[in-house]
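Residue-level structural notes
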Amino acid sequence: MTDQLIATLAPYGLRCEHVVEPLGIGTRAPLLSWRLASTRRGDAPASHRVVVSANDETVWDSGEIADPEAISIIYRGPVLQPRTRYHWQVTVTAADGATNTSGSCFETGHDAWTAQWIAHDPADVEVVDAPDEGDLALPDHGLRPAVQLRRTLTVHAAPTTARLYVTARGLFEAHINGKRVGDHELAPGWTDYRDRIDYWTYEVTDLLQSGENLLQFTIADGWWSGYVGFDPRQAGAHYGTFPQLIAELHLDHTDGAHEVVATDGTWETRRGPIRYADLLMGERHDLNRELSPWRPATTVDGDHSRLVAAVAPPIRATEELPARTVTATGDRHLVDFGQNIAGRVRLTARDLAPGARVVIRHGEALDTDGTLHTDNLRTARATDILVAGAEPTVVFEPRFTYHGFRYAEVTGLTTLSPADITAVVLHSDTPPAGEFTCDDPDIQRLDSNIRWGQRGNFVSVPTDCPQRDERLGWLADAQVFLPTACYNADVAAFFTSWLREVRGAQSEEGGFPNVAPRIAGVADEGAPGWADAGVLIPWHLYRVYGDERVLADNLDAMCRWVDFVHHNNPDLVWRNRVGPHFADWLAPTPTPRDVVATAYFARSAQLTGLAAEVLGQLHTAQRYRTLAAHIRKVFVERFTTMDQPGFAVAGDTQTAYLVALAFELLPDELVPHAVRRLVELVNEAGPAVTTGFLGVSLVAPVLDHHGHPDLAHALLRRTEPPSWLYSLRHGATTIWERWDGYTAERGFQACAMNSFNHYALGSVGEWLYRGVAGIDQAPGSVGFRELVIRPRLGRLNHAGARYESVRGTVATTWSRVDGVLKLDVTVPPGANATLHVPTPEPDSVRERGLPAREAAGVRIVRVEPGTLVCRLTSGDFHFTAAAPQPQERS
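Keep in mind that this is a model prediction, so the values were computed, not measured. (Residues numbered from 1 in each chain as written. Predicted model: local features only at pLDDT ≥ 70, side-chain atom pairs only at ≥ 80, totals over all residues. Heavy atoms only, no water.)

**Some thoughts on the overall build of the protein**
Tallying secondary structure elements over the protein gives 14 helices and 51 strands in all. Taken over the C-alpha atoms alone, the protein extends approximately 80 × 70 × 60 Å along its principal axes. Counting all 890 residues of the protein, 61% fall into the buried class. Of the contacts formed within the protein by residues at least 6 apart in sequence, a portion of 73% connects residues at least 24 apart. Entry remark: accessible area of the protein is about 32500 Å², with carbon and sulfur atoms responsible for 48%. Taken together, the 81 basic and 111 acidic charged side chains of the protein have centroids lying 3 Å from each other. (Helix = DSSP H or I, 4+ residues; strand = E, 2+ residues; numbered from the N terminus. Buried < 20%, exposed > 50% of the residue type's maximum accessible area, 1.4 Å probe, protein only. Contact = heavy atoms within 4.5 Å. Areas by Shrake-Rupley, 256 points an atom, 1.4 Å probe, with all protein chains shown as cover. Lys, Arg positive; Asp, Glu negative; His and termini not counted. Charge placed at Lys NZ, Arg CZ, Asp CG, Glu CD.)

Following this line, the structure appears as C-alpha cells:
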C-alpha cells in the first residue's frame, strides 16, 4: 500500500486472479479481490458491491452484499467474451455507512486460434557440438541456432487496439518495427508441453504505425528442445527437437473492422546471429558469421487444445548489479558482483577485431587459488561467447539462457572496466509482500540470503538451484519453503500455476512425482515428504490467501494420493511404494525412513480431510479424518516407547520428534516427554540443528510453540556448522544446499551435490516473521482474519516486520531501550488480533499513554507469566511496557 493516509475505510490493491490488471485471463469466473485500509481504529466493512462493465455498459452488478469478512468475490455474471477488456469497481461500506470505491480492470484471453505452428526447416539447422569448440566438447550432444521468423503487414491507419497472442515450444522474443514487445524473459516459461503450453497476451497498439510494419520473432530451444535436468541424453530428449512458434496479432480499427495476422507458411525464417542458446550450456553470438538467406517457414503439426492463458507472473529482469571488483590476470578478468543470483551478464566489449572471441564463464564461488569454482556445475557449462564482427564496440547480453553465479570470468579482452559489466537479475516477478528488520546484522543478512535464494529459484517454477545441470521443480523443497515464500512475496498466482504441473504429473495410480514438470527418469515415483507436497501446498495456500478454489482444484488429486499410499500400505506404516525415499535429505543425523514416511502419511490424510470439510464434502472429510486418526495410533504403537531412560520416538533424532509434534501425532500425555527429549537433543548438539530438508522448517516453530523460543533464538545465532550463520561467516549471500558446503578444514563438499543457492534450509525465514516479529494467524484462521501477535524477543533489542496480507497491511515493530519495551502493531480493517505483550509487569502496559484497559480497541483477556494478553480491533496501536530482560536459552 502507498504511504497515503486513508481517513475512512477504503479498498485498495485490487486484483483479478491474484494479479493486478491481468492481460489475457483464461478463466470464465475470475476471482476479484481487494484489500482494506483505514486510519480509524475499529473500522470494519459491513457490505460490499462489485460492478463489472465493458464498452461503457454494465455487464454484472453483484448488488450490495452484507458480508463483513469478504475481501473477494467470484464473478457470476454473463459469460465473459474473449479478447475483451472489462473494468470493475468495488464499493465498500463501513459499519457507520461511510463508503469508498476503487476500480481496476482485466482483459480476457484468446480462445479461437487459427494460427499454425511454424519453425525453421529442421533439416537446415546447423548443429553445434559444443558450447566452446575444443576443451568443452560434448560429442554426444547437439546445440542448435536460435532462428528468426518474420512477416510484414500493411496497416492503412493505426489501429485503435492491437493485441499479440503468442507462445512457443521453446523460448521466444518478439519485436514490432524494431521495438521489443513486452518485458518478459525466457517466455513463455516451463510447462509440461504434453499437457499445456502457456501463451501470453501483449498490448502492442503503440508499436504499430500506418503503412508497412515488420513483425519479427527470435525463438530458441529453452526447456522444450534444450538441456533439461541431469539427464545424460542429448538436448531435446524430453519434449521436442527444435523450437516452434505460434502467434496471432489482432487489430481493431476505428471503422469496426477486425484484422488478424497469424503465423502460417507465408512467414519467412532464417538462422540468426545466435549460433546456439541453451539454458544450461550458455549462449553464443557470432557477429562475424554471414546470416543465412530468408526462406519460407515450415509449418509443423500441433493443435490448439493445449494452449492456455498464462497464470503465473512472468520472468522479468528485476534488478541490475554493478561489478564490485574486477581482477585482471593477462586477458583473463575475474568479476565479483557481490551477490549470488540467477540471471546473466551484460558486457560492453571494446576494441574488438573482427573474429575476436570473448568468453564469459560463471560460478558461485572461487577455488582456494582465486580462480572460478565450476566443479559443482556438473555438466552445465554456463558459458556465453561473443564472436566480434565489424563493429569494434559491442554490447553483449544473452537473451535465452540464465546462470546461477556471483562471479564471472571474462577472457578475450585486453582491458575491462567495472563500468562495462553488469549482472542482470532474472526471476518470476512475484510481487513483494513482506519485509523483516532487526538489530542483529547477522540475522538481517540471513533474511537477505533467504530472499535472494527465493528470487534465484523462482524461475517459472520453484527450482532447487539455478546453477548446475538440475534446476528442477522438486516438490519437497517447495513445500518446506512455502510458508517463508508466502511472507516474502505474493506467490498465489505463481503456485496456482505450478500446481497444474503437479496435478498433471500425477500417475494413474494416484502417485505424485518428485519433480514437476515431470521429467522421465528423474526419480519418477514420489518419495515421502516430496510427493506429499501435492497435499501440503494447496492447504497452505488456502490458509494464507483464503481462496477455496485451490482446494477445489486439488482435492481429487489429494484424495487419490492418500488412497495410493493407503492401498500400498494397509497396515498404515508407509514402507511400500516410497520411491527413492530421500528421508530427511542431507540431515547430519539421519531419521528412520519409515518414521518420516508414516508421519507424512498421517499429515496428508489429516489435511485432505480438512480440505474436504472446507468444501462441504462432509462424508469425504470424515473418511480421511478417521484414516488420519488410525495412522496416528499406529505411529504411537510402532514408533514410540516409554521405557528407561524415558520416552523416545524411533531413531531418537530431532526430526523424529519434530514431525511427531508438528503433525500432532502424539496423545496429549506424551507431548511433554517428546518436547523434553527434543530440547535435550538440540542442547546436546551445541545447541545446534541436526535436521535435513524436512525437519529444518519445523525446528524453530515447534520449539517456540512448546515454550522454548529462546532455544530457537540460540539456533539462529549459532555460527558453527550446522547453522544458518556459518555460511555467512564464509561469504554466503544465498542459502547453501548443505550445512557444510564449504569448511576451512575440508574445502568444498562433494561437488556432485553442492549448490550455494538452494532455498530449502532457508525455511527458517517463516519464523523470523511468525516468531521474532510476531506476525501469525490463529490455527483456525484463513487469510489472516484472526491474527496472533506474539513477538519473541530473545536477546535482540529491536525487530519488526510488515506483511501485505490478502486482507491488508499487518505490521509489528518492537524495541527494548533503557528498560522500556515499545511495541507498535497494525491490524487491517475487518481483522482482529490477540496480542501477547512480553513484560514482567502487566500493569505497566500503556497504549498511547493510557493504561491498556482504558485504551480504545483494546480488551484485556488474561495475564500469563511474563505476558499480558489483549484483544485488539483493527487499527494502529502504540504500546509501551516494562521490558523483559534478554533471556539465555532454555
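**A word on the pairing of strand β50 (residues 867-872)**
Within β50, five of the six residues are buried, which leaves the element mostly enclosed by the surrounding structure. In terms of strand pairing, strand β46 (residues 832-838) meets β50 through six bridges, oriented antiparallel. For Thr834, the partnering residue across the bridge sits in β50 and is Arg871. Taking the residues between adjacent antiparallel strands as the criterion, strand β49 (residues 858-864) and β50 are bridged by two residues, where Gly866 takes a positive phi near 75°. (Pairing = 2+ DSSP bridges.)

**Concerning the pairing of strand β42 (residues 786-789)**
Pairing geometry for strand β41 (residues 775-777) and β42, over three bridges, is antiparallel. Bridge pairing in β42 links Gln777 to Leu787. As judged from the four bridges shared by β42 and β46, these two strands associate in the parallel manner. Across the sheet, the residue bridging to Leu787 is Ala833, located in β46.

**Some thoughts on the sheet that holds strand β1 (residues 10-16)**
Across the sheet, three strands lie side by side as β1-β3-β6; this open sheet has antiparallel pairing. Only two strands of the sheet have a single neighbouring strand rather than two, namely β1 and β6 (72-74). Taking each pair of neighbouring strands and ignoring which way they run, the sheet shows an average axis angle of 20°. The pairing of β1 with strand β3 (residues 31-37) spans five bridges and is antiparallel. Within β3, the position partnered with Pro11 by the bridge is Leu36. (Axes fitted to C-alpha atoms, helices over the stretch in contact; angles between N-to-C directions.)

**A closer look at the nonpolar core**
Across soluble globular proteins, you tend to see nonpolar side chains buried next to one another. In terms of nonpolar packing, the biggest core is built from 210 residues, with Phe495, Leu666 and Trp724 touching the most fellow members. Dropping the residues within four chain positions of it, Leu666 is found in contact with Phe635, Val636, Thr640, Phe647, Ala660, Leu661, Val671 and Ala674. In this structure, Ala168, Ile176, Val181 and Val261 belong to the second largest nonpolar core, which totals 30 residues. (Core = buried A, V, L, I, M, F, W, Y, C linked by side-chain atoms within 4.5 Å.)

**Topic: the pattern of salt bridges**
Tallying each qualifying case throughout the model produces 63 salt bridges. A salt bridge links Arg785 to Glu69, with the nearest nitrogen and oxygen atoms 3.8 Å apart. Of the two residues, Arg785 sits in the loop between β41 and β42 while Glu69 sits in the loop between β5 (57-61) and β6, which places them 716 residues apart along the sequence. Residue Glu69 is classed as partly exposed on the basis of its relative accessible area, which comes to 46%. Each of Glu173, Arg180, Glu185, Glu320, Arg344, Arg346, Glu397 and Arg399 takes part in one network of salt bridges that share partners. (Salt bridge = Lys/Arg side-chain N within 4 Å of Asp/Glu carboxyl O.)

**Side note on the packing of aromatic side chains**
The final tally for this structure, using the stated rule, is 39 aromatic pairs. A ring pair is formed by Tyr165 and Tyr199, whose centres lie 6.5 Å apart and whose planes are at 70°; its orientation type is edge-to-face. With Tyr165 in strand β11 (residues 161-169) and Tyr199 in strand β14 (residues 197-203), this pair connects stretches of sequence that are 34 residues apart. Taken individually, Tyr165 and Tyr199 each receive the classification buried, so the pair is uniform in this respect. Here Phe512 and Trp561 contribute two aromatic rings whose centre-to-centre distance is 5.9 Å and whose plane-to-plane angle is 45°, an arrangement assigned as tilted. On the criterion of sequence distance, the pair formed by Phe512 in the loop between α4 (492-504) and α5 (533-545) and Trp561 in helix α6 (residues 549-568) is long-range, its members being 49 residues apart. Accessibility expressed as a relative area gives 2% for Phe512, which makes it buried. (Phe/Tyr/Trp six-rings, centres within 6.5 Å; stacked < 30°, edge-to-face > 60°.)

**Description of the packing of helix α2 (residues 441-457) against helix α3 (residues 475-488)**
Their axes nearest at 11 Å, the elements α2 and α3 cross at an angle of 100°. When the axes of α2 and α3 are compared, the pair comes out roughly perpendicular. Two secondary-structure elements touch here, α2 through Ile450, Arg451 and Gln454 and α3 through Phe481, Thr484, Ala485 and Asn488. Of the residues belonging to the contact of α2 with α3, the class tally is three nonpolar, three polar and one charged. (Parallel < 35°, antiparallel > 145°, perpendicular 65-115°, else oblique. Nonpolar A, V, L, I, M, F, W, Y, C, P; charged D, E, K, R; others polar.)

**Details of helix α7 (residues 593-614)**
Relative to the 32 Å expected for 22 residues at 1.5 Å per residue, α7 spans 32 Å between its end C-alpha atoms, a close match to the ideal helical length. Within α7, 18 of the 22 residues are buried, which leaves the element mostly enclosed by the surrounding structure. Following α7 by one or two positions, Gly616 has its phi on the positive side, about 80°. (Expected span 1.5 Å × (residues − 1).)

**Structural notes on α6**
Note: α-helices contain 3.6 residues per turn, so residues at a spacing of three or four share the same orientation. When the terminal C-alpha atoms of α6 are compared, their 30 Å separation across 20 residues agrees well with the 28 Å that a helix rising 1.5 Å per residue should span. The largest bend in α6 comes to about 45°, at Leu555. Turning to α6, its buried residues number three or more, namely Val550, Leu551, Asn554, Leu555, Ala557, Met558, Cys559, Trp561, Val562, Phe564, Val565 and Asn568. Contacts made by the buried residues of α6 are with α4, α5, α7 and α8 (618-639). (Bend = angle between axes of the 7 residues up to and from the residue.)

**Quick word on unusual backbone geometry**
Cis rather than trans, the peptide bond between Ala516 and Pro517 has omega equal to 0°. One can find Pro517 in the loop between α4 and α5. Omega for the peptide link from Gly686 to Pro687 comes to 5°, which places this bond in the cis form. Note on placement: Pro687 falls in the loop between α10 (671-684) and α11 (693-705). Unusually for a residue other than glycine, Leu186 sits at a positive phi of about 50°. Among the structural elements, Leu186 can be located in the loop between β13 (179-180) and β14. For Leu186, a relative accessible area of 3% translates into the label buried. Non-glycine residue Ala382 carries a positive phi angle of around 45°. Mapped onto the secondary structure, Ala382 falls in the loop between β29 (372-373) and β30 (383-387).

**Let's talk about the environment of Gly189**
Along the chain, Gly189 turns up in the loop between β13 and β14. Distance from Gly189 to Pro314, taken between C-alpha atoms, is 7.7 Å for residues 125 residues apart in sequence. Once residues lying within four places of it in the same chain are set aside, the contact partners of Gly189 are Trp223 and Ser460.

Function cannot be read off these values alone, since they describe shape.
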